[in-house]
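Secondary and tertiary structure notes
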Amino acid sequence: MSAGSLTYLDTLYGQVTHPEPFSGLIACPVLQRLRHVRLSNIDSVAMPGIANISRYEHVLGVGYLAQRLTFAADLTRVERVALGAAALLHDWAITAFGHLVEESFKYLGAGFDHEHRLYHMISRDENVGEVGFENRQILRGRQTSLRPWARGAVGETDADALLRQITDLVLGRGRLGPLISGSIDLDNIDNVYRIAFHMGLAVDRSLPLRLAEAIIGVNDSGDIVFERRAETDVATWLDTRREVYGRLMPAEPDFGLKIMIIYAAVEAQRNGELAAVDWHLTEVDFLQRLSSSSSSAVRETINRWMTGEVWNTSPLRWMTGARPTHPELMNFSKAVSKALGRECLAYGIKDKRDRKVRIEFDDGQNRTIGTDPDCWLLGVGSPKRQAFTAAEAATILDLVAEKFGAGALSDSTAGEDELPMFASLRA
């Protein structure tokens, strides 16, 4: 790293440089924390290549894509800084193990949303219970350093406006918001290809850069406008997304590992040992806290998770319709536990294999590519060291139909034929 900039080799983009003021933001505790949070949400057993990609690596990649937006030269200085900073900060409040701990808060109705957390803290919303708001301690007793960085980046007069613009962009608001949070945004462009590469798929590593450089703006409808030459790359990105999530979502035993983290977090909340204000915990901090829980169930779950003794799960099934809410899944878990006579936790993931993308090309033509999925993936995990029987699996499907009016699709990609590969990991 040279003075005033950060230069390093990126997995996808080769040698990249983050100049000031972005290199200064990267050095702040608010971003350094992301070195200790995984991108893939779980320490994957099924796909070891993605097990330890950090959110830090990802947000730096998104920040670099923001630098490659050629139309940004026409923005004001505050707009340019806000756009680059939002690209770096879009995941800043993600919980340990990505969305899993965030979802555990929702199981009990806490309503935590990492994308809104920055907005609530910058606006000093007292309802979120954050001590210090945007200056709160976030990593090993260090404050975020957001406001001092903003003053240094654009001056005292514009610092507040900069922070407000960043929060709006992270939420997809305003003229440039879709670049950070939209149907095809810089976050997803980098995320899909970064995971695909680490997963071991044969991908064109230059495609994300080509897509970013082909963006010429955002239209009044909030659709990103691309140069016509990007049409094939957009379609390829969607195909790659489909393959990535087609492997990630039904990967077993990773599904079981996810359920274990959620279960331990839910039980720790019930014990008063974890709360939504603890979103800032790194994964090491999270594991240390829960491994010292007063609850033997929490301690045992974390110990089994760390040693790879994965919970047994019911056969994973794609279900019709919209995924139930997390409180509904919590109530469903109670019904399943009662019906089967064993403690269970149900987890559902909305289908991410496809996505409807609306774009405009520089010749004025509009395209809608992809579809909005109408199904979700269900699995039920249990700490009982006994595989789910066919009768138990059938009971679960009956309960899904009764509680949610959902049926199993016939094209499940997590059939029994895929399970023996990981049988030795299910204890």
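All values derive from a computational prediction rather than experimental measurement.

A few words now on unusual backbone geometry. Here Glu20 and Pro21 are connected by a cis peptide whose omega angle stands at 5°. Along the chain, Pro21 falls in the loop between strand 2 (14-19) and helix 1 (22-26). Here Phe133, not a glycine, exhibits a phi torsion of approximately 50°, which is positive. Looking at the element boundaries, Phe133 is found in the loop between helix 6 (114-122) and strand 3 (137-139). Exposure remark for Phe133: the relative accessible area of 14% places this residue in the buried category.

This paragraph deals with the environment of Ile215. In this fold, Ile215 is placed in strand 5 (residues 215-218). Its relative accessible area of 0% is what places Ile215 among the buried residues. Not counting chain neighbours up to four residues away, the residues in contact with Ile215 comprise Leu69, Thr70, Phe71, Leu179, Leu186, Ile224, Val225 and Phe226.

Moving on, we come to the pairing of strand 2. Note that strand 1 (residues 5-10) and strand 2 share 6 bridges and pair antiparallel. When the bridges of strand 2 are listed, Thr7 appears paired with Thr17. A loop of 3 residues connects strand 1 with strand 2, the two strands running antiparallel in sequence.

Looking now at the layout of surface pockets. Roughly 1,300 Å³ of volume is contained in the largest pocket. The wall of the largest pocket is formed by 48 residues, among which His99, Tyr245, Lys350, Lys352 and Arg355 lie closest to the centre. Elements with a contribution of two residues or more to the lining of the largest pocket: helix 3 (55-67), helix 5 (99-107), helix 6, helix 9 (186-199), helix 11 (231-248), helix 12 (254-270) and strand 9 (345-350). Split by residue class, the lining of the largest pocket holds 16 nonpolar, 13 polar and 19 charged.

Scored by pLDDT, the protein chain comes out at a mean of 92, with 95% of its residues at no less than 70. When the criterion is pLDDT under 50, residues 411-427 qualifies, and its contacts beyond four places in sequence or with other chains add up to 33 contacts.

Given a rise of 1.5 Å per residue, 15 residues ought to cover 21 Å, and the 22 Å separating the end C-alpha atoms of helix 8 (residues 156-170) matches this to within 8%. Buried residues in helix 8 make contact with helix 4 (77-89), helix 6 and helix 7 (146-154).

Turning our eyes to something else, we now look at the pattern of salt bridges. One pass over the structure, following the stated rule, counts 35 salt bridges. In this structure, Glu130 and Arg117 form a salt bridge, with 2.7 Å as the shortest nitrogen-oxygen distance. With Glu130 in the loop between helix 6 and strand 3 and Arg117 in helix 6, this pair connects stretches of sequence that are 13 residues apart. For Glu267, the salt bridge is made with Arg270, and the minimal N-O distance between the two is 2.7 Å. Pair noted here: Glu267 and Arg270 are both in helix 12, with a separation of 3 residues, about one helical turn. When its relative accessible area of 43% is taken as the criterion, Arg270 is described as partly exposed. One continuous salt-bridge network, built from bridges that share partners, spans Asp10, Glu57, Asp190 and Arg194.

With that settled, the discussion passes to the packing of helix 4 against helix 7. When two helices pack together, their arrangement is given by the angle between the helix axes and by the axis-to-axis distance. Direction vectors running N to C along helix 4 and helix 7 enclose 150°, while the axes themselves pass 11 Å from each other. Crossing angle aside, the handedness with which helix 4 passes helix 7 is right-handed. Across the interface between the two elements, Arg77, Val78, Val81, Ala85 and Leu89 from helix 4 touch Leu146, Trp149, Ala153 and Val154 from helix 7. Residue composition of the contact of helix 4 with helix 7, by class: 8 nonpolar, no polar and 1 charged.

This next bit is on the sheet that holds strand 10 (residues 357-361). Reading across from one edge, 5-6-10-11 is the order of the 4 strands in this open sheet, with mixed pairing throughout. The open sheet terminates on both sides in strands that have one partner only, identified here as strand 5 and strand 11 (366-369). Averaged over neighbouring strand pairs, the angle between their axes works out to 35° when direction is ignored. As defined by bridge partners, strand 6 (residues 224-226) adjoins strand 10 across 3 bridges and the pair is classed as parallel. Paired with Val225 across the bridge in strand 10 is Glu360. Against the sheet, helix 11 engages strand 6, strand 10 and strand 11, with an angle of about 170° to strand 10.

Right, let's talk about the packing of helix 7 against helix 8 for a bit. Running from N to C, helix 7 and helix 8 cross one another at 120°; their axes reach a closest spacing of 8 Å. Where helix 7 crosses over helix 8, the two elements pack in a sense that is right-handed. Between helix 7 and helix 8, the residues in contact are Leu146, Arg147, Trp149, Ala150, Arg151, Ala153 and Val154 and Glu156, Asp158, Ala159, Asp160, Leu162, Leu163 and Ile166, respectively. Residue composition of the contact of helix 7 with helix 8, grouped by class: 9 nonpolar, no polar and 5 charged.

This part takes up the packing of aromatic side chains. Taken as a whole and judged by the stated rule, the model has 10 aromatic pairs. Taken together, a centroid distance of 5.2 Å and an interplanar angle of 45° make the contact between Phe332 and Phe404 tilted. Linking Phe332 in helix 15 (residues 326-340) with Phe404 in helix 16 (residues 390-404), this pair joins segments that are 72 residues apart in sequence. A relative accessible area of 25% means that Phe404 is categorised as partly exposed. Taken together, the ring pairs connect Trp92, Phe105, Phe112 and Trp279 into an aromatic cluster. In this arrangement the basic side chain of Arg342 is found over the ring face of Phe388, its NZ or CZ atom lying 4.2 Å from the centre. A cation sits over an aromatic face here: Arg353 above Trp318, 3.7 Å from the ring centre.

In this section: the nonpolar core. Grouped together as the largest cluster of nonpolar side chains are 143 residues, with contacts concentrated most on Trp149, Leu162, Ile166, Phe226, Trp237 and Phe286. No other element matches helix 12, which puts 11 residues into this core. Look past the residues within four positions of Trp149 in its chain and what remains in contact with it is Pro21, Gly24, Leu25, Cys28, Val81, Ala85, Leu162 and Ile166.

Rules of the game
Every chain is numbered independently, its residues counted from 1 as its sequence is written. Per-residue local features are limited, in this predicted model, to residues with pLDDT of at least 70; the limit for side-chain atom pairs, both in listing and counting, is 80 or more; totals at the level of whole chains, interfaces and linings are taken over all residues. The side-chain quantities take in all heavy atoms of the structure and omit both hydrogens and water. The secondary structure listing takes helices from DSSP runs of H or I that are at least 4 residues long and strands from runs of E that are at least 2 residues long, numbered from the N terminus. A 1.4 Å probe rolled over the protein chains alone gives each residue an accessible area, and that area as a share of the maximum for its type sets the label: buried under 20%, exposed over 50%, partly exposed in between. Should any heavy atoms of two residues lie within 4.5 Å, those residues are counted as being in contact. Should DSSP find at least two bridges between two strands, the strands are taken to pair. Both site types are read off a 1 Å grid over the protein atoms alone. A 1.4 Å probe that fits but cannot get out defines a cavity, while an open set with protein on both sides within 12 Å along at least five of seven lines defines a pocket; lining residues have an atom within 4 Å of a point. Grid points are joined across faces, edges and corners, and a volume is the space filled by probe spheres set on the points. Three categories are distinguished: nonpolar for Ala, Val, Leu, Ile, Met, Phe, Trp, Tyr, Cys and Pro, charged for Asp, Glu, Lys and Arg, and polar for the others, with Gly belonging to the last. By definition, pLDDT measures how confident the predictor is in each residue, and it falls between 0 and 100. A helix's residues, less one, multiplied by 1.5 Å, set its expected span. Definition used for salt bridges: Asp or Glu carboxyl oxygen within 4 Å of a side-chain nitrogen of Lys or Arg. Interaxial angles span 0 to 180 degrees and are taken between N-to-C directions of axes, which are lines fitted to C-alpha atoms, for helices over the stretch in contact. By the definition used in this description, the sense in which the near helix is turned from the far one sets the handedness, with an anticlockwise turn below a right angle giving left-handed and a clockwise turn giving right-handed. Stacked, tilted and edge-to-face pairs are distinguished by plane angle, under 30 degrees for stacked and over 60 for edge-to-face with tilted covering the rest, among Phe, Tyr and Trp rings (Trp via its six-membered ring) whose centres lie within 6.5 Å. Whether a charge lies above a ring is judged from NZ of Lys or CZ of Arg, which has to be within 6 Å of the ring centre and within 35 degrees of the ring normal. Among buried residues, those of type Ala, Val, Leu, Ile, Met, Phe, Trp, Tyr and Cys that are joined through side-chain atoms within 4.5 Å constitute a nonpolar core.

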